[in-house]
Amino acid sequence: MFLQQLVNGISIGGIYALMATGYALIYSLLGFSNWAHGDVAMLGAYIGFLCVASAKLPFYLSSIAAILGAGLISILNERLAYRQIRKNKAPTMFLMIAAMGLSVTFQNMVIVFIGPKFRTFPPVIPVKSIAIGHVKLGVLDLISLCIVLFAVILLEFLINKTKFGLAVRAASTNLNTASLMGINIDYYIALVFFLSGSLAGAAGVLLGLKYTVYPQMGNVSLKAFIASVFGGLGSVRGAIIGALIIGIMEVFISGFVISGLRDLFTFGLLIAILLFKPTGLFGIEVQDKA
């Protein structure tokens, strides 16, 4: 029971991590929490669902379409909603207000054009378990673990071993100085939005497979936001570790205590962090947690 719950927790925490890294990447560059990020994941889930259920595409092609589609939506968000605000040197709060407006807009657009009903992915992945000794592990959980592990390794490679990562780390230190050194800030910000949106699209598909697809499913990104605060806003590695801890603790509380206490624990953890260690586990200096 303990090992099964641990694997389930890592699987759920890994999905949170895909979204939490998007929060961390965008915050490290622009210094605001992108509240529309969860709705990008929701739109990715709908793209994947519609490709499978309506267009009858193979699941792997539908997943690629969802990931790329969510990435493009994220770029459009930055280009149409955030860039001009940033160019005007408006307060960071204006970016957050724009993100909240996008979130409400996306949810209502889906309700109007697709409908408010809960939708379930066709059985593209067998609903069965694999027995390893006395432990039974769900196929979907194992697939989620593999996808999350691949995405995390790829992200770490991009951030630490490539020219893209070097430019992003320089820009996250100081946008103006990086620009003076010849870095095309707008280009790299767009790439970061595409990367974070693609990770959100992957998370949306996994959430849709594990649960259901519906217009408000992006609200689960609150857990990813808490994970990024827990790890230290702006720290990608901290966001991943924070998401895994939250996912594991939620599953253990649901399985061994009372499931109703799961969300109470998560939001209580957020309050405790803000009160006692607002910089998070990795000590990233943050002036505005909102």
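Structure's up top.
Let us look at the structure shown here. (Residues numbered from 1 in each chain as written. Predicted model: local features only at pLDDT ≥ 70, side-chain atom pairs only at ≥ 80, totals over all residues. Heavy atoms only, no water.)

1. Comments concerning the overall build of the chain
A tally of regular secondary structure across the chain gives eleven helices and two strands. Along the chain, from the amino end to the carboxyl end, the secondary structure elements read α-α-α-α-β-β-α-α-α-α-α-α-α. Computed over its C-alpha atoms, the radius of gyration of the chain comes to 19 Å, within 12% of the 19 Å expected for a compact globule of 290 residues. By its C-alpha atoms, the chain is 60 × 45 × 35 Å across when sized along the principal axes. By the burial criterion, 51% of the 290 residues in the chain qualify as buried. For the chain, the share of sequence-separated contacts (at least 6 apart) that also reach a separation of at least 24 residues comes to 77%. For the chain, the exposed surface amounts to about 13,800 Å²; the carbon and sulfur share of it is 70%. Computed over 19 positive and 9 negative side-chain charges, the separation of the two mean positions in the chain equals 7 Å. (Helix = DSSP H or I, 4+ residues; strand = E, 2+ residues; numbered from the N terminus. Rg over C-alpha atoms; globule rule 2.2 N^0.38 Å. Buried < 20%, exposed > 50% of the residue type's maximum accessible area, 1.4 Å probe, protein only. Contact = heavy atoms within 4.5 Å. Areas by Shrake-Rupley, 256 points an atom, 1.4 Å probe, with all protein chains shown as cover. Lys, Arg positive; Asp, Glu negative; His and termini not counted. Charge placed at Lys NZ, Arg CZ, Asp CG, Glu CD.)

2. Observations regarding the pattern of salt bridges
Overall, the coordinates contain nine salt bridges when judged by the stated rule. With a closest N to O distance of 3.3 Å, Arg 86 and Glu 78 form a salt bridge. Residue Arg 86 is classed as buried on the basis of its relative accessible area of 18%. Residue Glu 78 is classed as buried on the basis of its relative accessible area of 1%. In this structure, Asp 263 and Lys 223 form a salt bridge, with 2.9 Å as the shortest nitrogen-oxygen distance. Of this pair, Asp 263 sits in helix α11 (residues 262–276) while Lys 223 is found in helix α9 (residues 221–231), placing the two residues 40 residues apart along the sequence. (Salt bridge = Lys/Arg side-chain N within 4 Å of Asp/Glu carboxyl O.)

Keep in mind that these numbers describe shape and distance, not what the molecule does.
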